[in-house]
Amino acid sequence: MRTQICIATGQPLANLIPILHLQPSAVFVVVTKSMRVNAKEFKKIIKDLDTIDQVYLLDNCPDTDLNAIAEFLQQQLAHKLPQKSCVFNLTGGTKLHSFSLYETFRNRGFEDEFIYVDTNNQLLEYYPTVQASHTEALPSVLTAKDTLKGMGKTFIKAESENSAWCDMVKERESLTHFIAEHIDDENIRQLIGDINGMVGRLYNGGKTNPNQPNSAELYQKPRGRAVELLEQAHDLGLIDWHEGKAVAFDDYKQARYLSGIWLEEYVWLIANELGFEEIYAGLTFGSQQQSNEAINEIDLFIQHQNMTLAVECKSATSAKKADTSQDMFHKLTGVANRAGGLTCGKLFVSAFALKDRKGDDTHSVYHAREQKIKIVQAEQIVKDLPEVLRKWKDVGRL
């Protein structure tokens, strides 16, 4: 076990991964003036691992001026290092800090190693010293809870951790696949949109009498595939329907399935077939430091090979509206950044095509692409979703 040195950064996972991988005996964190708060949070994260007792923050490293940075390292770090091999992580900080750390200590004479964590390509790169540079595959060391902790967040709960929830999803798996596979059917689309609006009016997102039964009438009498859908849903106890336009729900929990949860469950079912390390549906998390911070929610959160993917699912027709989808994209970007940092992948799955009346992409779709959000919509859900997830699993990009 060797001492490890890193530079405080706003994206702490690049520092946390080699600590979890190499299990150092002690950690020195070089802290610039602009990273004091981040460094304190990072120290707490390391201490919470319960495997490393010695964590030292070297405060007040200059933010600029190569000579000043080198002088700081000589005065504040050099004499504290053990007279044996250490590991220097060059991933954090600015290029000036990484370069200065490397140049200051690369000829120290103790067979030190200088590493760079390439999270995008899942590589651990070793800079040249007395040995030639080389790379090796980055081992998978992060769990979803580690990732959240590394971002200063706390894993609260996930619906999919409940075995009863998993059993329920599998019980109605056939219906879930039926809806997804026929979402391009006009009668299905009309029915799903109708029920979305109805449940919204009846329960107001669960804020209005969520435990009470409610009934209403569909705008039009179901036809074709929509009849098949309602028959299956009735048999599964997800809706009370006896032909005609009248429908009823026992409570909001029951009504949620046809008003959108089916899509989250479909993505969860598909993802489970692909062998990801961790998949969480209905994940909620909060801040470790600020108890008054709003609770964050993600429809699906996938962890694999130190990478994370946040998935937002929408089956409401309102998602087609440019301003509404724009808000949804901003929400997804925000929650993904808070949960997994800037490298967290972002996937938006919409039951309805995000098109205007002319059949062109809405303006918000272009904004989504600028935010590096991958969109899978309408009939693409069945056709493309498995391959999109498989590609992310293999190369870490959508």
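Reference entry: report on the structure contained in this document. Source: prediction; values computed, not measured. (Residues numbered from 1 in each chain as written. Predicted model: local features only at pLDDT ≥ 70, side-chain atom pairs only at ≥ 80, totals over all residues. Heavy atoms only, no water.)

Glancing now at the overall build of the chain. A count of helical and extended segments in the chain gives 14 helices and 16 strands. Principal axes of the C-alpha set define a box for the chain whose edges measure 85 × 40 × 35 Å. Pairs at least 24 apart in sequence give 69% of the contacts found in the chain among residues at least 6 apart. Summing over all exposed atoms, the chain offers an accessible surface of approximately 18700 Å²; the carbon and sulfur share of this is 45%. (Helix = DSSP H or I, 4+ residues; strand = E, 2+ residues; numbered from the N terminus. Contact = heavy atoms within 4.5 Å. Areas by Shrake-Rupley, 256 points an atom, 1.4 Å probe, with all protein chains shown as cover.)

Take the sheet that holds strand β13 (residues 296-304) next. With mixed pairing, the 6 strands of this open sheet are ordered in space as β8-β12-β13-β14-β15-β16. Either end of the sheet is taken by a strand with one partner, and the two such strands are β8 (153-158) and β16 (373-377). Strand after strand, the sheet turns through a mean of 35° between neighbouring axes, direction not considered. Pairing between strand β15 (residues 345-350) and β16: 5 bridges, direction parallel. Bridging from a neighbouring strand, valine 349 pairs with valine 376 of β16. Across the sheet, helix α14 (residues 380-395) lies against β13, β14 (307-314), β15 and β16, angled at about 150° from β16, the strand it touches most. (Pairing = 2+ DSSP bridges. Axes fitted to C-alpha atoms, helices over the stretch in contact; angles between N-to-C directions.)

At a minimum axis separation of 7 Å, helix α8 (residues 186-203) and helix α9 (residues 225-235) run at an interaxial angle of 50°. Regarding the angle of α8 to α9, the classification is oblique. For the pair α8 and α9, the contacting residues are Asn187, Ile188, Leu191 and Ile192 in the first and Arg225, Ala226, Leu229 and Leu230 in the second. (Parallel < 35°, antiparallel > 145°, perpendicular 65-115°, else oblique.)

Here we come to the pattern of salt bridges. Taken as a whole and assessed by the stated rule, the structure comprises 13 salt bridges. Among the salt bridges present, the one from arginine 106 reaches glutamate 103, with a minimum N-O distance of 3.2 Å. On the accessibility criterion, arginine 106 (33% relative accessible area) is partly exposed. On the basis of relative accessibility, which here comes to 34%, the residue glutamate 103 falls in the partly exposed class. One salt bridge connects arginine 108 with aspartate 112, and the closest N-O pair in it is separated by 2.8 Å. One network of salt bridges, in which partners are shared, links Glu312, Lys314 and Lys331. (Salt bridge = Lys/Arg side-chain N within 4 Å of Asp/Glu carboxyl O. Buried < 20%, exposed > 50% of the residue type's maximum accessible area, 1.4 Å probe, protein only.)

In short, geometric facts, not functional conclusions.
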